[in-house]
Amino acid sequence: MTIPEVTQRATGDLHYVAATDALRMFRTKELSPVELMKAVIERAGKVEPKINAFADTHYESALDQARLAEARYTGKGDGPRPLDGLPVAVKEEAAIAGQKNTLGSLALKDVVADHTSAFVQRILDAGGIVHARTTTPEFACAPVTWSRLWGVSRNPWNGDFSPGGSSGGSGASLAAGSTTLATGSDIGGSIRIPSSFCGVVGFKPPYGRVPEVEIFNLDHYCHEGPLARTVADCALLENVIAGPHPSDVASLRPKLEIPYRLEGIDGMRIALSTDLGCYEVDADVVANTRLAADRLRETGAVVEEVSLPWDRAMIGRAGRIHFGMIFGPSIKELYQRAGDQFTSYAKRFVEEANDVTKDEFVEGLALEAKIYEPLGHLLERYDALVCPTFVVPALPAEYDGEPTIVNGRSMSDWIDVLMTLPFNIASRCPVLSVPSGRARNGVPTGLSIVGRTYDDVTVFRIGGALEKVQPWLDSPERRPSL
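Residues numbered from 1 in each chain as written. Predicted model: local features only at pLDDT ≥ 70, side-chain atom pairs only at ≥ 80, totals over all residues. Heavy atoms only, no water.

1. Topic: the overall build of the protein
(1) Moving on: Scanning the protein from terminus to terminus reveals 15 helices and 15 strands.
(2) Moving on: On C-alpha atoms alone, the protein measures out to a radius of gyration of 21 Å, which is about the 23 Å that the 2.2 N^0.38 rule sets for 482 residues.
(3) Moving on: Each principal axis of the C-alpha distribution contributes one length, and for the protein these read about 60 × 55 × 45 Å.
(4) Moving on: Relative to its 482 residues, the protein shows a buried fraction of 63%.
(5) Moving on: Accessible area for the protein stands at about 17200 Å²; split by element, carbon and sulfur atoms hold 51% of it.
(6) Moving on: Within the protein, one finds 49 positive and 62 negative side-chain charges whose respective centroids are separated by 3 Å. (Helix = DSSP H or I, 4+ residues; strand = E, 2+ residues; numbered from the N terminus. Rg over C-alpha atoms; globule rule 2.2 N^0.38 Å. Buried < 20%, exposed > 50% of the residue type's maximum accessible area, 1.4 Å probe, protein only. Areas by Shrake-Rupley, 256 points an atom, 1.4 Å probe, with all protein chains shown as cover. Lys, Arg positive; Asp, Glu negative; His and termini not counted. Charge placed at Lys NZ, Arg CZ, Asp CG, Glu CD.)

Next comes the structure, spelled out in structure tokens:
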């Protein structure tokens, strides 16, 4: 099965052209990198006042690079590279030498990176052009995207809601058409949540697949990964950034590549859970999950509903211990110096971390083992698990930990709505989030495709099969009306 190609030029929405289509059109001279970059920049000018997805822009240098890419496609100099001429929005959390690297914090507002993260360097070396840096919540520690430094980022489908977090600017810009590809990071759902809220595709690779920076390369909850509008585009970017790197002892050998031509899923056995055994999930999200499962059945897969014996309190406890042992302490010293500049959610994150003791570390490891075990056994019987990505279609744009009402029930703890967290605990499992539909409030919903440990290809096969029968963002009526 070839992942479907959809050309947007005929509709006049050049900024929505798929990356794989753009590369093909660059080669045939139907489109130039300069034309695409200008279209994306023009689109950003129209939508940024509404969505606030960009922390910084580099339009002039991006156009200069697009002209150089254009020359390579005309045979001047070295030939084109894997991403040559494509606009790529990089999450501001990642370092690019000479550019701001504030992590969304007022306390770091003047910090400029003196190096480039390994996975971003791969994008640059492949010809990707970073025209913009995307917004995140402070320290990437919230499921929504607002900060004292950049203000509130909003969902392109409905501005009352958040694009998710922490890679919210990346998800929003893809949905709005102001970038072609984007990057994200994921410590508790930060790639998958924006993908779900914004109706795009996001991949949380298994731990170690994409090189990470110290100290987080040794934190198995942490992942760098791609976001895109199509499954093929997501695979394209993943293939560039994945692979072992000398700076990261946890990076995996050998390099895995997602094939462009994916096999179908006829006969594949897929488990379905609408609540993972313990989450209260919005009725629209459940309905769209079941609809997506029906579509997978239409492609020939055997989809069976299953139950998991998970306990939400156990998952939350394991997550809090882990965050308290690594992530919280990583910003503690800055908090002691400049905590008055922190957002309310960043302050709470540090303060909660202070309550975790080193004696609880072993308890947390034991809980993580208990959480993974039933999932591991389930994935011995099935090729993959599909489930909702998040418990509600989206959180309010200015969400700050307030109780979330789900089916009339109040979820008072932010970690209770973080349906993505179990798969950071089961960190070696790849997870692809794809759109499953739209809710009554106009916001998209997401389907998570969870694979066996290190089985990245299967989740892309399933995602590609679903996209073929239930496409998204491929025509004006399936895009935000910005």
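Let us keep going from here.
2. Some thoughts on helix H12 (residues 344-354)
(1) Moving on: Along H12, the residues that are buried comprise Tyr-345, Ala-346, Phe-349, Val-350 and Ala-353. Buried residues of H12, seen end-on, are gathered within an arc of 140° and therefore sit on one face of the element.
(2) Moving on: Lining the buried residues of H12 we find strand E4 (146-147), helix H9 (312-325), helix H10 (327-330) and helix H11 (332-338). (Arc of directions from axis to C-beta. Contact = heavy atoms within 4.5 Å.)

3. Observations regarding the pairing of strand E7 (residues 201-204)
(1) Moving on: Burial along E7 is two-sided: Val-201 and Phe-203 and Gly-202 and Lys-204, pointing in opposite directions, are all buried.
(2) Moving on: Note: E7 against strand E8 (residues 223-228), two bridges, orientation antiparallel. Each residue of the ladder has a partner; that of Val-201, found in E8, is Ala-228.
(3) Moving on: Strand direction decides the pairing type here: E7 and strand E14 (residues 431-438), joined by three bridges, are antiparallel. Residue pairing for E14: Gly-202 is matched across the bridge by Ser-433. (Pairing = 2+ DSSP bridges.)

4. A look at helix H7 (residues 231-241)
(1) Moving on: Extensive coverage of H7 is indicated by the burial of eleven of its eleven residues.
(2) Moving on: Those residues of H7 lying buried are Val-231, Ala-232, Asp-233, Cys-234, Ala-235, Leu-236, Leu-237, Glu-238, Asn-239, Val-240 and Ile-241.

5. Section: a nonpolar patch on the surface
(1) Moving on: The grouping of Phe-361, Val-362 and Leu-365 at the surface amounts to a nonpolar patch, some 270 Å² of accessible area in total.
(2) Moving on: Following the sequence through the fold, Val-362 ends up in helix H13 (residues 360-381). (Patch = residues over 30% accessible without salt bridge, like charges linked within 9 Å, V, L, I, M, F, W, Y side chains within 5 Å. Salt bridge = Lys/Arg side-chain N within 4 Å of Asp/Glu carboxyl O.)

6. A look at the packing of H7 against helix H15 (residues 456-469)
(1) Moving on: Between H7 and H15, the shortest axis-to-axis distance is 9 Å and the interhelical angle comes to 155°. Here H15 runs roughly antiparallel to H7, going by the angle between their axes. Contact with H7, carried on its side by Val-231, Cys-234, Ala-235 and Glu-238, involves Asp-456, Phe-460, Gly-463, Gly-464 and Glu-467 of H15 and no other residues of that element.
(2) Moving on: The class makeup of the residues in the contact of H7 with H15 is four nonpolar, two polar and three charged. (Axes fitted to C-alpha atoms, helices over the stretch in contact; angles between N-to-C directions. Parallel < 35°, antiparallel > 145°, perpendicular 65-115°, else oblique. Nonpolar A, V, L, I, M, F, W, Y, C, P; charged D, E, K, R; others polar.)

7. Details of the pattern of salt bridges
(1) Moving on: As enumerated under the stated definition, the model contains 28 salt bridges in all.
(2) Moving on: A salt bridge links Asp-21 to Arg-24; its shortest N-O distance comes to 3.4 Å. Here Asp-21 and its partner Arg-24 are both found in helix H1 (residues 19-27), three residues apart, which amounts to about one turn of the helix.
(3) Moving on: Taking relative accessible area as the criterion, Asp-21 reaches 0% and is therefore assigned buried.
(4) Moving on: The exposure class assigned to Arg-24 is partly exposed, which follows from its relative accessible area of 25%.
(5) Moving on: Two residues, Arg-209 and Asp-456, come together in a salt bridge whose shortest N-O distance is 3.0 Å. With Arg-209 in the loop between E7 and E8 and Asp-456 in helix H15, this residue pair connects regions lying 247 residues apart in the sequence.

8. What to know about the environment of Gly-169
(1) Moving on: Looking at the secondary structure, you find Gly-169 in helix H5 (residues 168-176).
(2) Moving on: Once the C-alpha coordinates of Gly-169 and Ala-53 are considered, the two residues, 116 residues apart in sequence, prove to be 4.0 Å apart.

9. So, the packing of aromatic side chains
(1) Moving on: One pass over the structure, following the stated rule, counts twelve aromatic pairs.
(2) Moving on: Look at Phe-216 and Phe-327: their rings are 5.8 Å apart centre to centre, the planes differ by 50°, and that puts the pair in the tilted class. One end of the pair, Phe-216, is in the loop between E7 and E8; the other, Phe-327, is in helix H10, and 111 residues separate them in sequence. Phe-327 matches Phe-216 in its accessibility class, with the two residues each being buried.
(3) Moving on: Residues Tyr-221 and Phe-323 carry aromatic rings whose centres are separated by 5.7 Å and whose planes lie at 85° to one another, so their mutual orientation is edge-to-face. In this pair, Tyr-221 is assigned in the loop between E7 and E8 and Phe-323 in helix H9, connecting sequence segments 102 residues apart. (Phe/Tyr/Trp six-rings, centres within 6.5 Å; stacked < 30°, edge-to-face > 60°.)

10. A closer look at the sheet that holds strand E11 (residues 384-388)
(1) Moving on: The eleven strands lie next to each other as E1-E3-E2-E6-E8-E7-E14-E15-E11-E9-E10, forming an open sheet whose pairing is mixed. Looking along the sheet, the strands with just one partner apiece sit at the ends: strand E1 (54-57) and strand E10 (302-305). Each strand axis lies, on average, 30° off the axis of its neighbour in the sheet, ignoring direction.
(2) Moving on: As judged from the three bridges shared by strand E9 (residues 269-272) and E11, these two strands associate in the parallel manner. When the sheet's bridge partners are listed, Ile-270 is paired in E11 with Ala-384.

11. A closer look at the environment of Leu-149
(1) Moving on: Tracing the chain through its elements places Leu-149 in the loop between E4 and strand E5 (151-152).
(2) Moving on: The exposure class of Leu-149 is partly exposed, given its relative accessible area of 24%.
(3) Moving on: Spatially, the C-alpha atom of Leu-149 lies 30 Å from that of Ala-66, the residues being 83 residues apart in sequence.
(4) Moving on: If sequence neighbours within four positions are ignored, Leu-149 has contacts with Thr-102, Gly-104, Ser-105, Leu-106 and Lys-109.

12. Quick notes on the confidence of the model for the protein
(1) Moving on: When pLDDT is averaged along the protein, the result is 96, and 98% of the positions lie at 70 or above.
(2) Moving on: Within the model, pLDDT remains below 50 along residues 1-11, and this stretch shows 38 contacts once partners closer than five positions in the same chain are excluded. (pLDDT = per-residue confidence, 0-100.)

13. Quick look at the side chain of Ser-178
(1) Moving on: Looking at the secondary structure, you find Ser-178 in the loop between H5 and strand E6 (181-186).
(2) Moving on: For Ser-178, a relative accessible area of 0% gives the class buried.
(3) Moving on: If near-sequence neighbours (up to four positions away) are discounted, Ser-178 is found in contact with Val-40, Arg-43, Ala-44, Val-47, Phe-54, His-131 and Ser-173.

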